[in-house]
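The lines below spell out each chain.
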Amino acid sequence: MIPNLSTYHEGKVELLVPNPDESWKSADVPVFLNLRAARVNRDVSVLLLSVLKPKDILDGMAASGIRGVRYFVESGIPQVYFNDLNETAVQLAKRNAEKYNVNAQFFNHDFNLVCLQNRFWAVDLDPFGSPAPFIWSAVRAVRSGGYLLVSATDTRPLSGASPKQALAKYGVIVRKPEWYPELMARILYFLTFHAAAIHGKGVEPILAFTYEHHVRIIARLREKPSLITRNSKQIGFYKIDGKQYGPIWAGPLQDRDVARRALQRWDGDYTKASRKILALALNEPDVVGYYNVHFWAERLKLKQIPKFDAILNALREQGFVAERVLWSDKGIKTDADERTFEEVLRRAAENR
């Protein structure tokens, strides 16, 4: 039995969890639980799945079971499969699931083994670190038309800060750009596309976001050769100082209709950050990368940061798409080229 259990309220449930002051510090605690960054991750996922309504879901690394219980209670998913390699975690997940009469089945196995032996309408892969060792099994376990939800916390390789690790784990050659939070999601989508295509499945992105050190993507997988062909054309590269890096996912990241419906289900039981993510996803243009206004203001040696509304309006008046981004409070996503953006930024700074 786990000592120092506490009652914890999240979303619309109240569950037993390990000591909140210790449970997030490392993967070596009796049962891991992240109460901050992963809370936003869970809120967004619960809201999205309340719209998508899969018939069942595997909470593949369940820990306390909080994610799976919320999927049953809040998303209305009728069947939840809980798995964790840690037997203590499985016992705690059972206690929490029983409180809400979750229609549940429990595994105490390696994630890859569970995915090898079973098929699900949705799989949630939320590891401590990189999902790369598990992604191949995860995509195989998702039924055609089902959903894959993937998290990563190894932000150094994904952001381009550790290029050798990025190559080793994700098969990409990268350099850190100003829009690195978005790059992290695009690398995860590339990894998912590659794994899914090997298993005869194509990828339909639903939502991607980052929050603190968490990167999250959610996609629908279909056994559809034409979709795999279309996906292959959505793989691309990006340039810094004339040099090419990648490959990365260069297609759309968000399904705006799903984000809109999920946002309509938001209420005060969910974090404000989850509402902001969904709201910004509604309008984000399908353009790779974004401009970090503070980065460009420093690069151009501007005396002050221009007002964002002035920048957006100036770009739109010239016929470009321009929106704030969910990746950074400092970002603007537009299809304007660098020279045009520089000119707009200079004028906006002068007129401030």
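Structural data are supplied above this passage.
The rules behind each value
Residues numbered from 1 in each chain as written. Predicted model: local features only at pLDDT ≥ 70, side-chain atom pairs only at ≥ 80, totals over all residues. Heavy atoms only, no water. Axes fitted to C-alpha atoms, helices over the stretch in contact; angles between N-to-C directions. Helix = DSSP H or I, 4+ residues; strand = E, 2+ residues; numbered from the N terminus. Parallel < 35°, antiparallel > 145°, perpendicular 65-115°, else oblique. Left-handed = near helix turned anticlockwise from the far one by under 90°. Contact = heavy atoms within 4.5 Å. Buried < 20%, exposed > 50% of the residue type's maximum accessible area, 1.4 Å probe, protein only. Pairing = 2+ DSSP bridges. Core = buried A, V, L, I, M, F, W, Y, C linked by side-chain atoms within 4.5 Å. Phe/Tyr/Trp six-rings, centres within 6.5 Å; stacked < 30°, edge-to-face > 60°. 1 Å grid on protein atoms, 1.4 Å probe; cavity = no way out; pocket = protein on both sides within 12 Å on 5 of 7 lines; lining within 4 Å. Points joined across faces, edges and corners; volume = space filled by probe spheres on them. Nonpolar A, V, L, I, M, F, W, Y, C, P; charged D, E, K, R; others polar.

1. Considerations on the packing of helix α13 (residues 308-317) against helix α14 (residues 338-350)
Moving on, step 1. Between α13 and α14, whose axes approach to 9 Å, the crossing angle comes to 130°. In terms of orientation, α13 lies oblique with respect to α14. When you trace α13 past α14, the crossing you get is right-handed. Between α13 and α14, the residues in contact are Ala310, Ile311, Ala314 and Leu315 and Phe341, Val344, Leu345 and Ala348, respectively.

2. Quick word on the environment of proline 252
Moving on, step 1. Mapped onto the elements, proline 252 comes out in the loop between β11 (243-249) and α10 (256-264).
Moving on, step 2. Its relative accessible area of 29% is what places proline 252 among the partly exposed residues.
Moving on, step 3. Taking the C-alpha atoms as reference points, proline 252 and glutamine 234, separated by 18 residues in sequence, lie 8.4 Å from one another.
Moving on, step 4. Beyond its immediate sequence surroundings of up to four residues, proline 252 is in contact with Pro205, Gln234 and Asp286.

3. Thoughts on the sheet that holds strand β13 (residues 322-324)
Moving on, step 1. What the three strands build is an open sheet, ordered β12-β14-β13; its pairing is antiparallel. Each of the sheet's edge strands pairs with one partner strand only, and the pair in question is β12 (291-292) and β13.
Moving on, step 2. Sheet topology note: the β12/strand β14 (residues 331-334) ladder contains two bridges and is antiparallel. Considered in β14, the bridge of tyrosine 291 is made with isoleucine 332.

4. Things to note about the nonpolar core
Moving on, step 1. Val123, Leu148, Tyr170 and Leu207 are the most contacted members of the largest nonpolar core, which has 90 residues in total.
Moving on, step 2. Broken down by element, this core gets its largest block of residues, 11 residues, from helix α8 (residues 180-198).
Moving on, step 3. Setting aside chain neighbours within four positions, we find valine 123 in contact with Ile57, Leu58, Phe111, Ala138, Ala141, Val142, Tyr147, Leu148 and Leu149.
Moving on, step 4. Core analysis: the second largest hydrophobic core is formed by 19 residues, Trp296, Ala297, Leu300 and Phe341 among them.

5. With respect to the packing of aromatic side chains
Moving on, step 1. This model, assessed by the stated rule, comprises 12 aromatic pairs.
Moving on, step 2. Plain terms: the ring middles of tyrosine 81 and phenylalanine 107 are 6.2 Å apart, the flat faces sit at 15° to each other, and that makes the pair stacked. Of this pair, tyrosine 81 sits in strand β4 (residues 79-83) while phenylalanine 107 is found in strand β5 (residues 104-107), placing the two residues 26 residues apart along the sequence. Comparing tyrosine 81 with phenylalanine 107, the two get one shared label, buried.
Moving on, step 3. Seen in terms of ring centroids, phenylalanine 190 and phenylalanine 193 are 6.5 Å apart; in terms of plane orientation they differ by 40°. Their pairing is tilted. With phenylalanine 190 and phenylalanine 193 both in helix α8, this residue pair falls three residues apart, about one helical turn.

6. A look at unusual backbone geometry
Moving on, step 1. Between glycine 246 and proline 247 the backbone carries a cis peptide bond, its omega angle lying at 0°.
Moving on, step 2. Tracing the chain through its elements places proline 247 in strand β11.
Moving on, step 3. Positioned with a positive phi, alanine 63 is a non-glycine residue whose angle comes to about 50°.
Moving on, step 4. Among the residues examined, alanine 63 registers a relative accessible area of 14% and is labelled buried.
Moving on, step 5. Look at asparagine 101: it is not a glycine, yet its phi comes out positive at around 50°.

7. Here we look at the layout of surface pockets
Which parts of space are left empty comes out when a probe the size of a water molecule is rolled across the atoms.
Moving on, step 1. Taken as a whole, the second largest pocket holds about 550 Å³ of empty space.
Moving on, step 2. Lining the second largest pocket are 22 residues, with Glu178, Trp179, Lys239, Ile240 and Glu338 sitting closest to its centre.
Moving on, step 3. If one sorts the elements of the lining of the second largest pocket by residue count, strand β10 (residues 235-240) sits on top with three residues.
Moving on, step 4. Its residues assigned to classes, the lining of the second largest pocket comprises 10 nonpolar, three polar and nine charged.

8. Structural notes on the environment of phenylalanine 120
Moving on, step 1. Tracing the backbone through its elements, the reader meets phenylalanine 120 in strand β6 (residues 120-125).
Moving on, step 2. Overall, the relative accessible area of 1% leaves phenylalanine 120 in the buried class.
Moving on, step 3. Between the C-alpha atoms of phenylalanine 120 and phenylalanine 341, which are 221 residues apart in sequence, the distance is 46 Å.
Moving on, step 4. Those residues in contact with phenylalanine 120 that lie beyond four places of it in its chain are Asp56, Leu58, Tyr81, Phe107, Val114, Ala141, Val142 and Arg143.

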